[in-house]
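Architecture and fold: a report
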Amino acid sequence: MNDESRSSYFSKGVVVFTLAMVYCVLGGSAFPSIKLGYSLFNIKSGATAAIILFAGVRFTLAGMATIVTGSIIHKSFLFPAKGNFSKIAFLGFIRTTIFYSLMYLGLAGTSGIKASVINGTNLVFAMLASCFIFRQEKFTTIKCIAGLLCFSAIVLLNLDGDFTFSFTFRGEGLLLLSAVVFGLSDCITKIFSTNENAVTLSGWQFLIGGSFLVMIGLGLGGSLQIQSMGAFLILFYLVFVSSVTFVTWGILLKYNPISKIVGYKAMEPIFGTLLSAIVLSEYSSLGIQTIAALALVCIGITLLNCYNK
């Protein structure tokens, strides 16, 4: 299949929908799985070094798995094209090292449900970066409304019963920063993917970014305590999630405009919220306030998709 045929195939509505749903279900499951991993590896919320090391091990293994699997499928070893290695290393530092260090540390300081909703705003930051920094698309009234809806959701999510703001930098603040970084990295990924295979791009940026995380975690004195088979299983699952979701999203970004696929990503915080409630027993957090915040995020992202259509 040549590149023109791939472009035609991966831009079909049914293909985009299927890949996007796979991404959203697996991506949404990552938040409760990471929180469960903290418990199984006996990682405390303030153990910065261990948290970063845990993330590093996951993405280093995910990079290896993606490269090996992709090489078997393509029947040749996947290595970045000449001149692309430095670009992929830069992407790995931004999209894996910085983004996941912020996300993992923030997730340790808040609930899986809050993390899922806040993470849903990263496509709005991707849209803003695409409009104002990378000039890949135009900013419109609809996009402004979508952005305001998502930011309103964050405010609503962090209002206590007495309407005081309970936003903390170590929890929600780091998650919001990670969403900003993810939005920037989405635009960078789209630029770099034009000259590189999506699987190669995903695998090597994972491997490089994950290796940075491992070095940082070890350098800070971090260690992981493997106390049961469950710890191995949750790590294996997270590696699987990383490999599948980033390759899937990379393919969607390469063959479709960002505005075309953001609407589907509204499902990710929904799956993340539901799975967090089930896996982590966070049913008490599923109140009207949380559901309303989730609805605002989903409406905002869906508006972007409807406008594009």
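Report follows, based on the coordinates. If you're wondering where the values come from, they're calculated on a predicted model, not measured in any experiment.

Looking at where K35 falls in the secondary structure, it is placed in helix 2 (residues 13-40). No salt bridge forms around the buried K35; measuring N to O, its nearest opposite-charge neighbour E282 is 5.3 Å away. Ignoring sequence-local partners within four residues, the contact set of K35 consists of L107, A108, T110, S111, G112 and L280.

Attention now goes to the layout of surface pockets. Counted as a void, the largest pocket has a volume near 420 Å³. H74, N197, V199, V247 and I251 are the residues nearest the centre of the largest pocket, which is lined by 18 residues in total. Broken down by secondary-structure element, the contributors of at least two residues to the lining of the largest pocket are helix 1 (3-10), helix 3 (48-74), helix 9 (198-219) and helix 10 (229-255). Counted by class, the lining of the largest pocket contains nine nonpolar, six polar and three charged residues.

Here we take up the side chain of T245. By the secondary structure assignment, T245 is in helix 10. Overall, the relative accessible area of 5% leaves T245 in the buried class. Of the polar contacts made by the side chain of T245, one reaches the backbone oxygen of S242; its length is 3.4 Å. Not counting the four nearest positions on each side in its chain, T245 is found in contact with Y23, L26 and G27.

Moving on, we come to the environment of I270. Turning to its location among the elements, I270 is positioned in helix 12 (residues 267-279). Judged by its relative accessible area of 25%, I270 is partly exposed. Sequence separation of I270 and G173 is 97 residues, and the distance between their C-alpha atoms is 21 Å. The residues contacting I270, other than those within four sequence positions of it, are L294 and C298.

Quick look at empty space enclosed by the protein now. Summary: where empty space remains is shown by rolling a probe the size of a single water molecule over the atoms. Applying the stated criterion across every chain, the model contains three cavities of 30 Å³ or more. In this structure, the largest cavity spans a volume of roughly 170 Å³. Every residue lining the largest cavity is counted, 17 residues in all, and those nearest its centre are Y23, G27, Y100, F246 and E268. Those elements that place two or more of their residues in the lining of the largest cavity are helix 2, helix 4 (85-108) and helix 10. Class assignment for the residues of the lining of the largest cavity results in nine nonpolar, five polar and three charged. In this structure, the second largest cavity encloses a volume near 70 Å³. Lining the second largest cavity are L91, R95, T189, L201, S202, Q205, F246, W249, G250 and L253. Among the secondary structure elements, those contributing two or more residues to the lining of the second largest cavity are helix 4, helix 9 and helix 10.

What counts, and at which threshold
Residues numbered from 1 in each chain as written. Predicted model: local features only at pLDDT ≥ 70, side-chain atom pairs only at ≥ 80, totals over all residues. Heavy atoms only, no water. Helix = DSSP H or I, 4+ residues; strand = E, 2+ residues; numbered from the N terminus. Buried < 20%, exposed > 50% of the residue type's maximum accessible area, 1.4 Å probe, protein only. Lys, Arg positive; Asp, Glu negative; His and termini not counted. Salt bridge = Lys/Arg side-chain N within 4 Å of Asp/Glu carboxyl O. Contact = heavy atoms within 4.5 Å. 1 Å grid on protein atoms, 1.4 Å probe; cavity = no way out; pocket = protein on both sides within 12 Å on 5 of 7 lines; lining within 4 Å. Points joined across faces, edges and corners; volume = space filled by probe spheres on them. Nonpolar A, V, L, I, M, F, W, Y, C, P; charged D, E, K, R; others polar. Polar contact = N/O pair within 3.5 Å; in protein donor to acceptor, adjacent residues only side chain to side chain.

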